[in-house]
Amino acid sequence: MIKFDFNTYVDSFLDKEKYNKLMSKKEEVITKFNNSNMIGWTKRIDEFLIQDINSTAKYIKDNFDCLLVIGIGGSFLGSYSFDRIFRKYFNDDKFKIIYAGTTLSSKYLDELLNYLNNKNFCVNVISKSGTTMETTITYKLIKDLLKRKYSDEEIKKHIIITTDKEKGPLRQEVEENSYKSFVIPNDIGGRYSFITPAHLLPLAINYNINEIIDGYYHGKRLIDNAYNYAVVRKLLFDSTREVENFCVSEQNFSYFTEWLKQLFGETEGKQRVGILPTSCVHTRDLHSLGQFIQDGNKIVFETYIKVKRVNEYIEYNGRNLHELNNLVEDSVMRAHFKGDVPCIDITIEELTPYNISSLIYFFQLSAAFSGYLFGVEPFNQPGVEIYKNEIKETLKG
Ligand code: PA5
């Protein structure tokens, strides 16, 4: 279960009349949303596809030391941020998955190639377009490494491609070499692709994806909360709160906030509007950005993502340390509210893959609604395309 509080530390910042007006637009916004041809992520995933994902995950676990996932943006953040939440900080016992393709750092790639040189690894390259520079460069380096180690026939066993059904160089490669492949459907954009093989395959290695899928679709029931959240954010933006600070109090959630930044940043940030998403990990960042939030320029509102119960129990002075951590978060929210900062509170009852998956659907839905409230197309990312093209031109020369 997930609880939403859009009132306690927010109400006093909202103009009731404007709030009611935007709330009354709900049916109109939902109709626009339902008419979009980019909401494939709301449809039920095919059972045969789930079986294929599970058997491929089993094949990877049974035959290799580790999986290398190559992808960036929407082809990376979903599974990576989810996986990070449930990994142990120390002595992690899950199957090893390495993520690459998010950097052109020679240091990182040199070390990666050296590390993989003696490993028996499988690579899953994920790119809807098949032309993204970081993914292409990393994949080429990895293929060269595979070629140094194996015959063409053997290489086939090591490569899995997740890309468009028909278009792009990766699909062409699949056809030419009979590589194992998965499809990112046409009606699902990168940042909304959590419920596709782009993320479900890497997740199926260490998680029961049926639980993840069930939790995801459970998120559909949160439609009223998703619309309410979109309205509150829009009104805060209109009252000059142009920055949303996502706050978490567990280090493992730090990539989940990166996923949120991409989701909201790419969905709303166009035509010179949109809320700038940023994030803090508490209590660490209370000793840095905390000063600005409490006392500085009042351009910020905050969204707290808290977990009520966790499995680990540590006692501190006769008290449950996790409960204490949550009390600290409550105090911070109160202090920031007193410092003239609106704070939205989202609390997950229990830390489970099911609940995180519901939360993902909730945020996707809310971001899409928000796009319509801002008057922009939620499912494109023209800004990203412009910089991608600029890089392509530069590299041609
Ligand atoms: O959300 C998006 O569409 C983008 O962030 C893309 O996912 C990202 O640019 C990667 O694109 P591709 O999957 O084509 O490599």
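Let us look at the structure shown here. (Residues numbered from 1 in each chain as written. Predicted model: local features only at pLDDT ≥ 70, side-chain atom pairs only at ≥ 80, totals over all residues. Heavy atoms only, no water.)

1. A short note on the overall build of the protein chain
The helix and strand tally for the protein chain stands at 16 helices and twelve strands. Since a compact globule built from 397 residues should have a radius of gyration of about 21 Å, the 22 Å found for the protein chain is in line with a globular shape. Summarising its shape, the C-alpha atoms of the protein chain cover approximately 65 × 55 × 45 Å along the three principal directions. By sequence separation, contacts in the protein chain at least 24 residues apart represent 81% of the contacts at least 6 residues apart. (Helix = DSSP H or I, 4+ residues; strand = E, 2+ residues; numbered from the N terminus. Rg over C-alpha atoms; globule rule 2.2 N^0.38 Å. Contact = heavy atoms within 4.5 Å.)

2. Remarks on helix 15 (residues 353-374)
Its 22 residues place the ends of helix 15 31 Å apart at the C-alpha level, agreeing with the 32 Å of an ideal helix rising 1.5 Å per residue. Burial analysis of helix 15 places 21 of its 22 residues in the buried class, the great majority of the element. The first or second residue beyond helix 15 is Gly-375, which carries a positive phi of 80 degrees. (Expected span 1.5 Å × (residues − 1). Buried < 20%, exposed > 50% of the residue type's maximum accessible area, 1.4 Å probe, protein only.)

3. Quick notes on the packing of aromatic side chains
Describing an aromatic ring pair means giving the distance of the ring centres and the angle of the ring planes. On inspection of all chains with the given rule, the structure shows 36 aromatic pairs. Ring geometry for Tyr-192 versus Phe-379: centroids 5.0 Å apart, planes at 70 degrees, classification edge-to-face. Taken together, the positions of Tyr-192 in the loop between strand 6 (180-183) and helix 9 (197-204) and Phe-379 in the loop between helix 15 and helix 16 (382-396) put the pair 187 residues apart, joining distant regions of the chain. Grouping residues by exposure puts Tyr-192 and Phe-379 together as buried. For Lys-119, the ring lying beneath its charged end belongs to Tyr-115, and the centroid distance is 4.4 Å. Across the ring face of Phe-374, the terminal group of Lys-234 is positioned such that the distance to the ring centre comes to 5.3 Å. (Phe/Tyr/Trp six-rings, centres within 6.5 Å; stacked < 30°, edge-to-face > 60°. Lys NZ or Arg CZ within 6 Å of the ring centre and 35° of its normal.)

4. Describing the environment of Tyr-361
Turning to its location among the elements, Tyr-361 is positioned in helix 15. Linking Tyr-361 and Ile-299, residues 62 residues apart in sequence, is a C-alpha distance of 27 Å. With sequence-adjacent residues up to four places away left out, Tyr-361 is seen in contact with Trp-41, Thr-42, Tyr-216, Gly-219 and Lys-220.

5. Some details on the packing of helix 4 (residues 77-86) against helix 12 (residues 254-268)
Angle between the axes and distance between the axes are the two parameters that describe a pair of packed helices. Two numbers describe how helix 4 lies on helix 12: the axes approach to 7 Å, and their chain directions differ by 155 degrees. Between helix 4 and helix 12, the interaxial angle falls into the category roughly antiparallel. Read as a crossing pair, helix 4 and helix 12 show a hand that is left-handed. Between helix 4 and helix 12, the residues in contact are Leu-77, Gly-78, Tyr-80, Ser-81, Arg-84 and Ile-85 and Ser-254, Tyr-255, Phe-256, Glu-258, Trp-259 and Gln-262, respectively. Its residues assigned to classes, the contact of helix 4 with helix 12 comprises six nonpolar, four polar and two charged. (Axes fitted to C-alpha atoms, helices over the stretch in contact; angles between N-to-C directions. Parallel < 35°, antiparallel > 145°, perpendicular 65-115°, else oblique. Left-handed = near helix turned anticlockwise from the far one by under 90°. Nonpolar A, V, L, I, M, F, W, Y, C, P; charged D, E, K, R; others polar.)

6. Digging into the site of the ligand
Near the ligand you find 14 residues, and of these Ser-75, Ser-127, Ser-129, Thr-132 and Gln-262 are the closest. In this structure, Lys-128 approaches the ligand through a main-chain N or O atom, which is 2.8 Å from an oxygen atom. Within the contact set of the ligand, an oxygen atom lies 2.6 Å away from a side-chain nitrogen or oxygen of Ser-129. Here the ligand has 380 Å² of accessible area as a free molecule, and 92% of this is covered by the chains. Split by residue class, the shell around the ligand holds one nonpolar, nine polar and four charged. Each of domain 1 (2-35 + 214-384) and domain 2 (40-207) accounts for three or more of the residues forming the shell around the ligand. (Near = heavy atom within 4 Å. Polar contact = N/O pair within 3.5 Å; in protein donor to acceptor, adjacent residues only side chain to side chain. Areas by Shrake-Rupley, 256 points an atom, 1.4 Å probe, with all protein chains shown as cover. Domains from an automatic or database assignment.)

7. A closer look at unusual backbone geometry
Following His-282, the chain continues to Thr-283 via a peptide bond in cis, the omega torsion being 5 degrees. Along the chain, Thr-283 falls in the loop between strand 8 (276-281) and helix 13 (289-295). A positive phi angle, near 50 degrees, is found at Gln-271, a position not held by glycine. Along the chain, Gln-271 falls in the loop between helix 12 and strand 8. Residues other than glycine seldom take positive phi values, yet Arg-272 does so here, at roughly 65 degrees. Along the polypeptide, Arg-272 turns up in the loop between helix 12 and strand 8.

Bear in mind that shape data such as this cannot, by itself, settle questions of function.
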